Amino acid sequence: MKSLPGILVGLAVGAIVGVLLAPESGKKTRKRISSESDSFFKDLQDQLQSGLDNIRSQYNDYVDSAVTKTQDAVSQVKKKAKY
């Protein structure tokens, strides 16, 4: 995740250089850029969703672990309280 800003800057610079040196007409270039940017943002959205799913999974695992530990602690306290 630390390299994401560098990747975005690299993509932007590459796109600008590509447009400046493109041998295609303006209409074709705009169409290609539009298509590539749609693809880029779709990939970015997929990666963000994957990251959020991962965070949710880790959170749920943490909550389940905390519940189990709390139940174990309560059980031990109840056992000691009976003696």
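Residues numbered from 1 in each chain as written. Predicted model: local features only at pLDDT ≥ 70, side-chain atom pairs only at ≥ 80, totals over all residues. Heavy atoms only, no water.

The chain appears in an unreviewed UniProt entry as YtxH domain-containing protein from Spirosoma endbachense.

Quick look at the layout of surface pockets now. A volume near 300 Å³ is recorded for the largest pocket. Forming the walls of the largest pocket are Leu-8, Leu-11, Ala-12, Gly-14, Ala-15, Gly-18, Val-19, Arg-32, Ile-33, Glu-36, Ser-37 and Phe-40. Elements with a minimum of two residues in the lining of the largest pocket: helix 1 (4-20) and helix 2 (26-82). Sort the elements by how many residues they give to the lining of the largest pocket and helix 1 lands first, with seven residues. Across the lining of the largest pocket, the residue classes break down as seven nonpolar, three polar and two charged. (1 Å grid on protein atoms, 1.4 Å probe; cavity = no way out; pocket = protein on both sides within 12 Å on 5 of 7 lines; lining within 4 Å. Points joined across faces, edges and corners; volume = space filled by probe spheres on them. Helix = DSSP H or I, 4+ residues; strand = E, 2+ residues; numbered from the N terminus. Nonpolar A, V, L, I, M, F, W, Y, C, P; charged D, E, K, R; others polar.)

Moving on to a nonpolar patch on the surface. A cluster of nonpolar side chains, contributed by Val-9, Val-13, Ile-16, Val-17, Leu-20 and Leu-21, occupies part of the molecular surface with about 620 Å² of accessible area. Residue Ile-16 is classed as exposed on the basis of its relative accessible area, which comes to 52%. (Patch = residues over 30% accessible without salt bridge, like charges linked within 9 Å, V, L, I, M, F, W, Y side chains within 5 Å. Areas by Shrake-Rupley, 256 points an atom, 1.4 Å probe, with all protein chains shown as cover. Salt bridge = Lys/Arg side-chain N within 4 Å of Asp/Glu carboxyl O. Buried < 20%, exposed > 50% of the residue type's maximum accessible area, 1.4 Å probe, protein only.)

All right, on to the pattern of salt bridges then. Within the structure shown, the criterion is met by three salt bridges. Linking Glu-36 and Arg-32 is a salt bridge whose minimum nitrogen-to-oxygen distance equals 3.6 Å. Taken together, the residues span about one helical turn, with Glu-36 and Arg-32 both in helix 2 at a distance of four residues. Across the salt bridge formed by Arg-56 and Asp-53, the nearest N and O atoms sit 3.0 Å from each other. With Arg-56 and Asp-53 both in helix 2 and three residues apart, this pair spans about one turn of that helix. For Asp-53, a relative accessible area of 39% gives the class partly exposed.

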